[in-house]
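For reference, the chains in residue letters:
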Amino acid sequence: MVRTTLFTPLSRPLPSRRVSLSFLQGVRLILAEIVPAFTGFSEKLVPEARPALDCPIVFPYAPNAVLVGFISSFVGGLVGLFVLGQLHWVLILPGVVPHFFCGATAGVFGNATGGKRGAICGAFAHGLLITFLPVALLPVLGQIGLTNTTFSDTDFGVTGILLGNMAHFMDKGTITMIITGIFGLLVIYNFTAKKKVPVETNAG
């Protein structure tokens, strides 16, 4: 008797993976071209710098988790949309771009830490986050003249809400000084921190 299973390990190829094969090949091509192109600049401006690349760099490690993450995140967005409708709040329509890029990334990391359940639950939670955070960000952007405008990225939502609430207690100059000071401290730490030197051991 042949035994069939509903799920297969997310690192194994599925027929649906062919849909994103061209995209993954494009990601590999771009990364292979961008990193060497900026090596010369980084060696002159910031020696020994490590390139910070966007989230698609992790897609080739688990292509099936990319699809599972995208679908789970989009479902989370639909559930959040339904909840917002029931609460009679502003409706945030699920955007394909953030759900694909960020949701797929959540699926890859969720799969690496929690398997299939981690990929589904992590991406689903991400879908809820990028649905409810823009609602909380709407009043903040409305105060600076961007009425009925919001953004769906979690980093922009969290940062915008924090800075927007800080504006109630501080003026723009103070907030600018705080951000500039934090950035300056990070730069100073980068140049003054002791770098670990690998210890050579004699074999024998």
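This text gives an overview of the structure that appears in the document. Quick caveat: nothing in here was measured; it's all calculated off a predicted structure.

Attention shifts here to unusual backbone geometry. Despite not being glycine, His88 has its phi angle at roughly 60°, a positive value. With relative accessibility at 72%, the residue His88 sits in the exposed group. Even without a glycine there, the phi angle at Asn148 is positive, about 60°. One can find Asn148 in the loop between helix H3 (96–142) and helix H4 (154–166).

Next up on the list: the environment of Arg117. By the element assignment, Arg117 lies in helix H3. Residue classification places Arg117 among the exposed residues on the basis of a relative accessible area of 68%. When the C-alpha positions of Arg117 and Gly107 are compared, they lie 9.6 Å apart, and in sequence the two are 10 residues distant.

Right, let's talk about the packing of aromatic side chains for a bit. A full pass over the atoms with the stated rule returns 5 aromatic pairs. When the ring of Phe70 is compared with that of Phe74, the centres are 6.2 Å apart and the planes differ by 50°; the resulting orientation is tilted. Of this pair, Phe70 and Phe74 are both found in helix H2 (residues 63–87), 4 residues apart, which corresponds to roughly one turn of the helix. Judged by relative accessible area, Phe74 falls into the partly exposed class, the value being 25%. Pairing Phe100 with Phe101 gives two aromatic rings, centres 5.4 Å apart and planes at 85°, and the pair type is edge-to-face. Residue classification places Phe101 among the partly exposed residues on the basis of a relative accessible area of 25%. Here the aromatic cluster, defined as three or more aromatic residues joined through ring pairs, consists of Phe59, Phe70, Phe74, Phe100 and Phe101.

The next point concerns the nonpolar core. Core analysis: the largest hydrophobic core is formed by 8 residues, namely Val58, Phe59, Ala62, Ala65, Val66, Phe100, Ala104 and Val108. For this core, the secondary-structure elements that each account for two or more residues are H2 and H3. Considering every element that reaches this core, the biggest residue donor is H3, with 3 residues. With sequence-adjacent residues up to four places away left out, Ala104 is seen in contact with Phe59, Ala65, Val66, Gly69, Phe70 and His99. By size, the runner-up hydrophobic cluster in this structure holds 5 residues, among which are Leu137, Val140, Leu141 and Ile161.

Conventions used here
Residues numbered from 1 in each chain as written. Predicted model: local features only at pLDDT ≥ 70, side-chain atom pairs only at ≥ 80, totals over all residues. Heavy atoms only, no water. Buried < 20%, exposed > 50% of the residue type's maximum accessible area, 1.4 Å probe, protein only. Helix = DSSP H or I, 4+ residues; strand = E, 2+ residues; numbered from the N terminus. Phe/Tyr/Trp six-rings, centres within 6.5 Å; stacked < 30°, edge-to-face > 60°. Core = buried A, V, L, I, M, F, W, Y, C linked by side-chain atoms within 4.5 Å. Contact = heavy atoms within 4.5 Å.

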